[in-house]
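# Survey of secondary and tertiary structure
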Amino acid sequence: MSEVGVSYSACYEENGQSINLGDFNTHLRFNQSGAPYLLYENGAKCNGNRLWSTKIEFVCANNHTKDITADNAVHVIEDANCQLIIQYQTKYACQQQIDCRQKVYNEDSIEELFDLTPLINAKDNYEARVELPAEQLKELPKATKFFLNVCRPLVPKYQLGCAGGSSACMAKMSANGAPEEEHSLGFPMISLSVFNRTDAELLYPKGDPCPSDKSLKLTSSIHFKCNMRAGRGQPVLHEMDKCYYRFDWATSLICPPHECIFHEDSCEIEHDEAGKRFSFKNAPFTNNGQLEIDYNNSKLLVNICGPYRKAITDYSQDLVNLYFSHKLPGCGKDGMMNVQLRLICSNQTEPSTVITEGTQCSLLHVQRTPSICQFLGLDAVTADAVTTTKATPTTASTHSSATGKPKAATTTAATATTTVGATTTKAAQAAAASQVATASSPNASVGTILGIILSVTFCVTCVGLFAFSPARRNRVRRIFRRSSSAVRYSRVQSNEEANLLLEPNGEFTESDDDMLL
C-alpha cells in the first residue's frame, strides 16, 4: 500500500487501506470564467476500464461570504461517473469583486442607495419558478430546475455540479430528485446595473457553451423590481431565447422606505400601498398598547397610542420604525423623551432597550417579533434564516438535506482531512494561493506557485465512523464497485453574520438619521 500523500494526491481511505482517486500534478487549469481548478487523473479502476479522477474547483469566497472558515471551505459536489468533484471556497480565487450596491437619485433628486445585499444567501440557493410562454415551455425538458444566487457564486450543494463559481445553474432532475445534466448559466462578473430607484438588473455571462450554437456561451440575467406586497419574493423564469435566460424578481427588499398612516383612534398603522394593518393594542409585546420598560430601578409605562406618531418601513432591514414623544418629568430640558420603537421581523420574541439621558433624552426599544412579519409581507423563519444566522466553525455535523439534492440521497457524516507536507505552513499556503489568484495565463505552468500548496492531498476518510455501522461501511465500499455511488463527507452550512441593525447594541441605522424627532 502506498503511503497517503506521497504517490498520489486524492485518495479514499478505510481501515488503513487507501484507494487512489487521482495522481498529483501541477497543471493549474482555468474554466470559462477564468476560475482556477486542478484535475487529478489516472486513479484506481472504477467501472470497467474507467479510472477515478478528482477535480478541485477553487471558488471565490468574496466579501459577501464572510462565513467561510477553514472548517467549511471544502465541499464534495459530485462522486458519480468515476469522478470526485470538490469545491474549495477561498478568497484567493477571486479575480474581481462585483458591486451589489449602487447610488441612485430618487424622484426628489435625493441620493439613495440601491442595495441587493439583503438578498445574498450564503446558506442556500434560490430555486426559480418557471412561467414561460407556451411555445418556449415546449422547448424546456421536463423536470428542469433553475438555481440562482445574488451577487455571489452558488452555495456548494452535493450533486449540483455546475462549474465552480457559477451564479446560475440549470439542471434536469432525475426520478429520485437528484440534479443531472447541469449547465452553468453564467458567473458573477458584472456589477449591478440600476435603472432607477426601484428597478435594477444583474447579468451573469460566460456560462457553458450554448447547445444551439457552440460558439456562444449561455447567459442569464435577473431583473429586480420593487413590489411592497411581494415580501422577499422569488426569481421567476419569464424568457428563454436559445442561449439567454431572463429571470424577473419582484421583491420588497429593494423598495425605498415608506411612511405609513398611524390611526390614533384604533392605535394601528396602515400600509396604504400594500393594504395591510398592524394593531399595537393587540400586539403580543404590549399591554393594550403600552410598553413596560425597566427605568431607574422601576417600571416605566410608555403609551404607544396617541397623536403625532410617525411610522416608516425599512424593507432592506425587515423592520418598521415608529417615532413619537413621551412625557417624562425630569427627562431632558422640557421633560419629553424622544422614543423610537423598532419592530424587527423575527421568529423570536426578544426585547432590548437603550435609554439616553441628558440634554436630549431618548429611548430606543428594539422588539424582535413574528407579529410584524405579515405586515411587511415576510415569513419569520425565512427572514431569520437569511439575515441572522451566524457562522459556527465546527469539524463535523449532521449532513443536512440541501437544495439540489433529494432527502433520500442524504449522505452520512464523515471526517475530511487534508495532509500537507511537513515543511508546509499555513502562511506559505496563503502566500502561494494569492499568487494563484493572479496567474496571468490560462495555460500557464504553475511550477513553484503550486509547489507549496498543491502538494496538499485531499483524503476523504472514514476511519472510526464506519466502524460503528456495518451498513454505512458497506455503502461506502460500493463506491468503488459501481459508478453511481457516493463518497461520504461532512460539511457545515452557515451564513453571514447579522448586520449592525440586528445586534442588540442600540445603534441607529442609516435610514433613521433623518427621522429622529
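Residues numbered from 1 in each chain as written. Predicted model: local features only at pLDDT ≥ 70, side-chain atom pairs only at ≥ 80, totals over all residues. Heavy atoms only, no water.

Take the overall build of the protein chain next. Check the secondary structure of the protein chain and you find six helices and 35 strands. The buried share among the 517 residues of the protein chain stands at 51%. Contacts spanning at least 24 positions in sequence make up 59% of the contacts within the protein chain whose residues lie at least 6 apart. Summed over its atoms, the accessible surface of the protein chain is roughly 23900 Å², and 48% of this surface lies on carbon and sulfur atoms. (Helix = DSSP H or I, 4+ residues; strand = E, 2+ residues; numbered from the N terminus. Buried < 20%, exposed > 50% of the residue type's maximum accessible area, 1.4 Å probe, protein only. Contact = heavy atoms within 4.5 Å. Areas by Shrake-Rupley, 256 points an atom, 1.4 Å probe, with all protein chains shown as cover.)

Quick look at the nonpolar core now. Grouped together as the largest cluster of nonpolar side chains are 71 residues, with contacts concentrated most on Leu116, Val150 and Phe280. The element contributing the most residues to this core is strand 31 (residues 336-345), with five residues. Judged by nonpolar contacts, the second largest core, of 18 residues, contains Leu21, Ile56, Cys82 and Leu84. (Core = buried A, V, L, I, M, F, W, Y, C linked by side-chain atoms within 4.5 Å.)

What follows deals with the packing of aromatic side chains. One pass over the full model with this rule turns up eight aromatic pairs. Between Phe146 and Tyr245 the ring centres are 5.9 Å apart and the planes differ by 50°, which places this aromatic pair in the tilted class. Of this pair, Phe146 sits in strand 14 (residues 144-148) while Tyr245 sits in strand 23 (residues 244-251), and the two are 99 residues apart along the sequence. Considering the side-chain rings of Phe278 and Phe280, the 5.3 Å spacing of their centres and the 85° angle between planes classify their relative orientation as edge-to-face. Residue classification places Phe278 among the buried positions, given a relative accessible area of 6%. (Phe/Tyr/Trp six-rings, centres within 6.5 Å; stacked < 30°, edge-to-face > 60°.)

We now examine the state of the cysteines. Applying the stated criterion across every chain yields a total of nine disulfides. Here Cys46 connects covalently by a disulfide to Cys82, the sulfurs 2.2 Å from one another. The sign of the S-S torsion, about -85°, decides the handedness of the disulfide formed by Cys46 and Cys82: left-handed. Pair noted here: Cys46 is in strand 5 (residues 45-47) and Cys82 is in the loop between strand 8 (74-78) and strand 9 (83-90), with a separation of 36 residues, a long-range link. For the residue pair Cys46 and Cys82, the accessibility class agrees, reading buried in each case. (Disulfide = S-S within 2.5 Å.)

For the rest of this paragraph, the subject is the confidence of the model for the protein chain. Detailed reading of the predicted coordinates is not advisable wherever pLDDT is low. Of all residues in the protein chain, 70% have pLDDT values of 70 or greater, and the mean over the chain is 75. Residue range residues 1-6 is modelled with pLDDT below 50. Its contacts to residues more than four positions away, or to other chains, number 12 contacts. Low pLDDT (under 50) marks residues 387-517, which in the prediction has 272 contacts with non-local residues, meaning those over four places away or in another chain. (pLDDT = per-residue confidence, 0-100.)

What follows covers the environment of Phe146. Residue class for Phe146 comes out buried when judged on its relative accessible area of 0%. Dropping the residues within four chain positions of it, Phe146 is found in contact with Tyr126, Glu127, Ala128, Val130, Leu140, Cys169, Met170, Leu185, Leu237, Tyr245 and Phe247.

The strand order across the open sheet built from eight strands is 26-25-24-29-30-31-33-32, with neighbouring strands paired in mixed fashion. Looking along the sheet, the strands with just one partner apiece sit at the ends: strand 26 (276-279) and strand 32 (350-356). With strand direction ignored, the average angle separating the axes of adjacent strands in the sheet is 25°. Direction of pairing for strand 24 (residues 258-263) relative to strand 25 (residues 268-271): antiparallel, over a ladder of three bridges. (Pairing = 2+ DSSP bridges. Axes fitted to C-alpha atoms, helices over the stretch in contact; angles between N-to-C directions.)

With that out of the way, let us pick up the side chain of Thr286. Of note, Thr286 is situated in the loop between strand 26 and strand 27 (290-295). Only 3.3 Å separates the side chain of Thr286 from the backbone nitrogen of Gly289, close enough to count as a polar contact. Ignoring any residue separated from it by four or fewer positions in sequence, one finds Thr286 in contact with Phe280, Lys281, Leu291 and Ile304. (Polar contact = N/O pair within 3.5 Å; in protein donor to acceptor, adjacent residues only side chain to side chain.)

Scanning the model with the defined rule gives 15 salt bridges in all. Across the pair Arg232 and Asp318 runs a salt bridge whose closest N-O atoms are separated by 3.3 Å. Of this pair, Arg232 sits in the loop between strand 21 (219-226) and strand 22 (236-241) while Asp318 is found in the loop between strand 29 (310-314) and strand 30 (319-327), placing the two residues 86 residues apart along the sequence. The exposure class of Arg232 is buried, given its relative accessible area of 7%. A salt bridge links Glu239 to Arg246, with the nearest nitrogen and oxygen atoms 3.0 Å apart. The exposure class of Glu239 is partly exposed, given its relative accessible area of 25%. Of the residues examined, Arg246 reaches a relative accessible area of 22% and is grouped as partly exposed. Taken together, the shared-partner salt bridges connect Glu239, Arg246 and Asp248 into one network. (Salt bridge = Lys/Arg side-chain N within 4 Å of Asp/Glu carboxyl O.)

Below, the discussion takes up the sheet that holds strand 7 (residues 53-60). Spatially, the five strands line up as an open sheet ordered 3-4-7-9-8, and their pairing is mixed. Edge strands, defined here as strands with exactly one partner in the open sheet, are strand 3 (29-30) and strand 8. Pairing of strand 3 with strand 4 (residues 36-40) involves two bridges; the strand directions are antiparallel. By the bridge assignment for strand 4, Phe30 is matched with Pro36.

It is worth spelling out the pairing of strand 1 (residues 10-14) at this point. Within strand 1, five of the five residues are buried, which leaves it mostly tucked inside the rest of the structure. Covered by surrounding structure in strand 1 are Ala10, Tyr12 and Glu14 together with Cys11 and Glu13, the residues of both alternating faces.

Okay, the pairing of strand 17 (residues 193-196) next. In the sheet, strand 17 pairs with strand 18 (residues 199-204) via three bridges, with the strands oriented antiparallel. Counted as the bridge partner of Asn196 is Asp199 from strand 18. Counted along the chain from strand 17 to the antiparallel partner strand 18, the turn is two residues long.

Time to look at the environment of Thr356. Considering the arrangement of structural elements, one finds Thr356 in strand 32. According to the relative accessible area criterion, Thr356 is partly exposed, its value standing at 39%. Leave out the neighbours within four places in its chain, and Thr356 touches Cys361 and Ser362.

Quick look at the environment of Ser166 now. Mapped onto the secondary structure, Ser166 falls in the loop between strand 14 and strand 15 (168-173). A relative accessible area of 2% places Ser166 in the buried class. Linking Ser166 and Pro188, residues 22 residues apart in sequence, is a C-alpha distance of 7.2 Å. If sequence neighbours within four positions are ignored, Ser166 has contacts with Pro153, Leu154, Ser184, Gly186 and Phe187. Separated by 2.7 Å, the side chain of Ser166 and the backbone oxygen of Ala163 make a polar contact. Here Ser184 takes part through its side chain, which lies 2.8 Å from a polar atom of the side chain of Ser166.

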